[in-house]
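Structural overview for review
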Amino acid sequence: MAMAEPPILELKRLSAGYLDEPIVRAIDLTVPRRTITTLIGPNGAGKSTLMRAIYGLIRRFDGAIVFDGEDISDAKPIERLRRGIGFVPQGRCNFPGMSVRENLELGGYTLSRGEARAAIERVLALFPVLRQRFDVLAGNLSGGEQQILEMAMVMEAAPKLLLLDEPSLGLSPINQEQVFETIRTIRDGGVTVMVVEQNAYGALAISDTAVVLELGAKRLEGPARSIATDPRVRATYLGGSTEDVAEPGA
Amino acid sequence: MNVDFVLQLLLNGLILGLIYALVAMGLSLIFGVLEIVNFAHGEFYMLAAMGCYFLTAGAGFGYWGAVVAVTAVSVCVGFVLYEVLLRRLGGRDFERSILLTLGLSMVLQNGALYLWTATPRMTTTQYTYESVVLGPVQAPLVRILAVVLAVISFVSLYLVLHHTRVGKAMRGVAQNRDAALMVGIDPRVVSRLAVAVGVGLSGVAGAALAPVYSVHPLMGFAFLFKAFAIVIIGGLGNVAGAAIAAVALGILESLASGFFSLVVVDGLAFVLMILVLLVRPHGLFGGGVRV
């Protein structure tokens, strides 16, 4: 076997939070390349906090973040973006008073002009729905289209790791399906995706790995399919029957 | 009542409105990008007007030299203001930002009073006694130049905000701070520029106004509250809305001054503001989205 690439992301006993106290504690996690990992857990388990810590938006108390073989524990968010971590926060995260074109132009803000033009073409090829809506104000797109626009904006910087916080929140079932399909397309393009989802079944169906958080600590980790059917997890977090679980992968 | 009189009032109103617009747009831009209400904004306008007076009266500057110098210094003052005072304020420090800028306003205003007393001063330039005939209306050249300076500033601001990367980034931060962070816009770089441009605009306003009206250390404070009313009428953080509201108010005030007492005129902005808030709480043109 050839020498394995280092994992895209390693968290080593990471503790992070907002003010005086860490919210997530001593998280150990290894994320292999070109996979989708879903974080699940009840409200307040620290899922979004962990995402924000990986992007460097909140205070790190202890532990280390190793990205692509390099320690980035002290890097600022913009530095992490340049190194290849993209983060799409929860809620609407585009520029509603600007057209899709202008939003995508700002998506390439960290690139040179030429690179940005090429990046826009690349994401338009990946997300053709945006080409049809190119001159529409982002605020007038459907919720699903806005979420896809936001992912496209971050994808312009060609991240190796894409963090998505609740991408399907507030979307209609059809739009949710569209977003999950898009996440799978992104992963198939070679990007590692970490996702926090309230629609745990939908997310688990497209995920390779699932991590269960509870009270700021990692409780369980395993293949998405076995987590989805694990009776303890179902009883505690998912609430529903296994019949709802679609085939993962497809 | 004759037509010439009304035309004269309209022209005066337009000039007044454009000066309001310069100050209000800067205020609106700073609010939109930094979420800070700059209570010291009127003082920068006052200092620019005083600066224009001293440059022309004491330092031998001509009209254009004074305008360019005052504007350039104002932009630099904006940079310094951001770096020294505003940089450490976050979005959650709203009360602190009010105290800080209000305090600065007191210091600047009273410092100016101490140095220069409250005596109004007239700025004289090479254009002071020249006038232009526009059909039935005769207008002093300095008034026409005030209009020209304001229009140049508006066009430049529009071009920067809509056709440069950093200008789009400024609109982006005003529309959605999280999204700006997501695409890697450094909020500090954009904020610094917004403050520099905003204070620069009040510099242009002061320089354009000084040769038209008398200048004195208390001129900024009263003006500021009118600018607030304009910003609220136009929609908080909406720069174009502020410009339209400002010009409309200037013309209304000027027309009212032809027929009513000065007290009515000065109250007009606030009566309009209250009416707009009752009918359209987000202002005539909506909030900060359309910078």
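Residues numbered from 1 in each chain as written. Chains lettered and ligands numbered in written order. Predicted model: local features only at pLDDT ≥ 70, side-chain atom pairs only at ≥ 80, totals over all residues. Heavy atoms only, no water.

Focus on the overall build of chain A
Counting its secondary structure elements, chain A contains ten helices and ten strands. Computed over the C-alpha atoms, the radius of gyration of chain A is 18 Å, within 12% of the 18 Å expected from 2.2 N^0.38 for a compact globule of 250 residues. Principal-axis analysis of the C-alpha atoms places the extent of chain A at approximately 50 × 45 × 45 Å. For chain A, the computed accessible surface area is about 10,900 Å², with 50% contributed by carbon and sulfur atoms. (Helix = DSSP H or I, 4+ residues; strand = E, 2+ residues; numbered from the N terminus. Rg over C-alpha atoms; globule rule 2.2 N^0.38 Å. Areas by Shrake-Rupley, 256 points an atom, 1.4 Å probe, with all protein chains shown as cover.)

Things to note about the pattern of salt bridges
A complete count under the given rule lists 22 salt bridges over all chains for this structure. With a shortest N-O distance of 2.7 Å, Arg60(A) and Asp74(A) are connected by a salt bridge. Note that Arg60(A) is positioned in strand 4 (residues 59-67) and Asp74(A) in the loop between strand 5 (70-71) and helix 2 (77-83), a separation of 14 residues in sequence. The exposure class of Arg60(A) is partly exposed, given its relative accessible area of 28%. For Asp74(A), a relative accessible area of 68% translates into the label exposed. With a closest N to O distance of 3.2 Å, Glu83(B) and Arg87(B) form a salt bridge. Judged by relative accessible area, Glu83(B) falls into the partly exposed class, the value being 28%. Within the structure, one salt-bridge network assembled from shared partners comprises Arg33(A), Asp68(A) and Lys160(A). (Salt bridge = Lys/Arg side-chain N within 4 Å of Asp/Glu carboxyl O. Buried < 20%, exposed > 50% of the residue type's maximum accessible area, 1.4 Å probe, protein only.)

Concerning the layout of surface pockets
Residues and elements named next belong to chain B. Space inside the second largest pocket adds up to approximately 550 Å³. Surrounding the second largest pocket, 22 residues form its lining, Leu16, Tyr20, Lys226, Glu253 and Asp266 being those nearest its centre. Of all the elements in the fold, those that place two or more residues in the lining of the second largest pocket are helix 1 (3-34), helix 9 (219-234), helix 10 (239-259) and helix 11 (262-279). Among the elements that line the lining of the second largest pocket, the one with the most residues is helix 1, at five residues. For the lining of the second largest pocket, the residue count by class is 13 nonpolar, six polar and three charged. (1 Å grid on protein atoms, 1.4 Å probe; cavity = no way out; pocket = protein on both sides within 12 Å on 5 of 7 lines; lining within 4 Å. Points joined across faces, edges and corners; volume = space filled by probe spheres on them. Nonpolar A, V, L, I, M, F, W, Y, C, P; charged D, E, K, R; others polar.)

Structural notes on the nonpolar core
Counting 131 residues, the largest nonpolar core has Phe95(A), Leu104(A), Leu130(A), Ile183(A), Leu34(B) and Ile185(B) as its most contacted members. Counting residues per element, this core draws most heavily on helix 1 of chain B, at 17 residues. Among the nonpolar cores identified, the runner-up in size contains 31 residues, and Ala16(A), Ala53(A), Ile85(A) and Val211(A) belong to it. (Core = buried A, V, L, I, M, F, W, Y, C linked by side-chain atoms within 4.5 Å.)

Digging into the interface of chain B and chain A
Taken together, the 19 residues of chain B in the interface contact 28 residues of chain A. Together chain B and chain A conceal approximately 2,000 Å² of surface at their shared face, both sides included; 62% is due to carbon and sulfur atoms. When the buried area of chain B at its contact with chain A is split by residue, Arg165(B), Met182(B) and Val183(B) rank highest and sum to 39% of it. Between chain B and chain A we count two salt bridges in total. The interface formed by chain B and chain A includes eight residue pairs in polar contact (both at pLDDT 80 or more). Listed by contribution, the elements that provide at least two residues to the side of chain B that touches chain A are helix 6 (165-175) and helix 7 (177-182) of chain B. Of all the elements, helix 6 of chain B adds the most residues to the side of chain B that touches chain A, at seven residues. Within the side of chain B that touches chain A, the residues separate by chemical class into nine nonpolar, five polar and five charged. (Contact = heavy atoms within 4.5 Å. Buried area = accessible area lost by both parts, 1.4 Å probe. Polar contact = N/O pair within 3.5 Å; in protein donor to acceptor, adjacent residues only side chain to side chain.)

With respect to the confidence of the model for chain B
Here chain B shows a mean pLDDT of 88. Residues at 70 or above account for 97%. If you check the scores for this complex, the pTM reads 0.85 and the ipTM reads 0.81. (pLDDT = per-residue confidence, 0-100.)

Observations concerning the sheet that holds strand 2 (residues 22-31) of chain A
Sheet strands pair via backbone hydrogen bonds, and the direction of the pair is either parallel or antiparallel. All names here are of chain A. Strand order in the open sheet formed by four strands is 2-1-4-5, and the pairing between neighbours is antiparallel. Edge positions in the sheet fall to strand 2 and strand 5, since each of these pairs with one other strand and no more. The pairing of strand 4 with strand 5 spans two bridges and is classified as antiparallel. Following the sheet pairing, Phe67 is matched in strand 5 by Glu70. In the packing of helix 1 (residues 47-55) onto the sheet, contacts are made with strand 1 (9-17), strand 2 and strand 4, and the angle to strand 1 comes to roughly 110 degrees. (Pairing = 2+ DSSP bridges. Axes fitted to C-alpha atoms, helices over the stretch in contact; angles between N-to-C directions.)

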